[in-house]
Amino acid sequence: MSAADNKKLMETIFAGVAAGDRTSFADALADDVTMTVTGQYSWSQTFHGKESVLRDLHGYVSSLLKHRRTVPFRIIADDEWVAVEARGDMVTHAGERYDNHYCLIYRIENGKIREIREYNDSALCERVLGPFPQARKLAG
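Residues numbered from 1 in each chain as written. Predicted model: local features only at pLDDT ≥ 70, side-chain atom pairs only at ≥ 80, totals over all residues. Heavy atoms only, no water.

## Some thoughts on the overall build of the protein chain
Line of reasoning, step 1. Per the secondary structure count, the protein chain includes 4 helices and 6 strands.
Line of reasoning, step 2. In the protein chain, the order of α-helices and β-strands from amino to carboxyl end is α-α-β-β-α-β-β-β-β-α.
Line of reasoning, step 3. For a compact globule of 140 residues, the expected C-alpha radius of gyration is about 14 Å, and the protein chain comes in at 14 Å, within 12% of that figure.
Line of reasoning, step 4. In terms of principal-axis extent, the alpha carbons of the protein chain reach across some 40 × 30 × 25 Å.
Line of reasoning, step 5. Among the 140 residues that make up the protein chain, the fraction classed as buried is 42%.
Line of reasoning, step 6. When contacts within the protein chain are restricted to residue pairs at least 6 apart in sequence, those whose partners lie at least 24 apart make up 54%.
Line of reasoning, step 7. Charge-centre separation for the protein chain: the mean point of 18 positive side chains lies 5 Å from the mean point of 20 negative side chains. (Helix = DSSP H or I, 4+ residues; strand = E, 2+ residues; numbered from the N terminus. Rg over C-alpha atoms; globule rule 2.2 N^0.38 Å. Buried < 20%, exposed > 50% of the residue type's maximum accessible area, 1.4 Å probe, protein only. Contact = heavy atoms within 4.5 Å. Lys, Arg positive; Asp, Glu negative; His and termini not counted. Charge placed at Lys NZ, Arg CZ, Asp CG, Glu CD.)

Next comes the structure, spelled out in structure tokens:
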């Protein structure tokens, strides 16, 4: 796929995500995808495989939030790489706003997301969502 095709794929996925539908995101993940939350805080780790990304990371985040939406404002593509700048529009079950800013880097191969790197405000993440539970930490 071309850079334009990869950008279009991410635009389609994020249109769904911004509307609260994560189905196209899940469908686009390769079975052997890796997702790395960057940095040096409790959430920083690499999740290996589609099931782990959806269950161990996204499933846990969803359990903390009553409203979860990620809205992109810039998408840039270069060959198989697509960068998405986005803002969260989220509220915890306790009613606290969690409006993080993200830079998400995707590597797309044959129409499937193979790799994701997430950069975010780690201090905000831990302050609002708390530390990532050790029981959920994965060997990576």
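## Some words on the sheet that holds strand E6 (residues 112-120)
Line of reasoning, step 1. Reading across from one edge, E2-E1-E6-E5-E4-E3 is the order of the 6 strands in this open sheet, with mixed pairing throughout. If you trace the sheet from one side to the other, it starts and ends with strand E2 (45-48) and strand E3 (65-78), each paired once. Sheet twist, expressed as the mean angle between neighbouring strand axes with direction ignored, is 20 degrees.
Line of reasoning, step 2. Bridge analysis of strand E5 (residues 101-109) against E6 gives 8 bridges, and the strand direction is antiparallel. Note on E6: the bridge partner recorded for leucine 104 is glutamate 118.
Line of reasoning, step 3. Of the strands in this sheet, E3, strand E4 (81-92), E5 and E6 are in contact with helix H1 (residues 3-18), which crosses E3 at around 165 degrees. (Pairing = 2+ DSSP bridges. Axes fitted to C-alpha atoms, helices over the stretch in contact; angles between N-to-C directions.)

## Looking at the pairing of E2
Side-chain direction in a regular strand flips from residue to residue, so the side chains alternate between the two faces of the sheet.
Line of reasoning, step 1. Side chains of E2 alternate between two faces, with Gln45 and Phe47 buried and Thr46 and His48 left unburied.
Line of reasoning, step 2. Relative to E2, strand E1 (residues 29-37) runs antiparallel, the two sharing 4 bridges. Bridged to threonine 34 within E2 is histidine 48.

## Looking at H1
Line of reasoning, step 1. For H1, built from 16 residues, the straight-helix expectation of 22 Å at 1.5 Å per residue is met to within 8% by its first-to-last C-alpha distance of 22 Å.
Line of reasoning, step 2. All of the buried residues along H1 are Asn6, Leu9, Met10, Ile13, Phe14, Gly16, Val17 and Ala18.
Line of reasoning, step 3. Taken together, the buried residues of H1 touch helix H2 (23-28), E3, E4, E5 and E6.
Line of reasoning, step 4. Within two residues after H1, glycine 20 carries a phi angle of roughly 90 degrees, on the positive side. (Expected span 1.5 Å × (residues − 1).)

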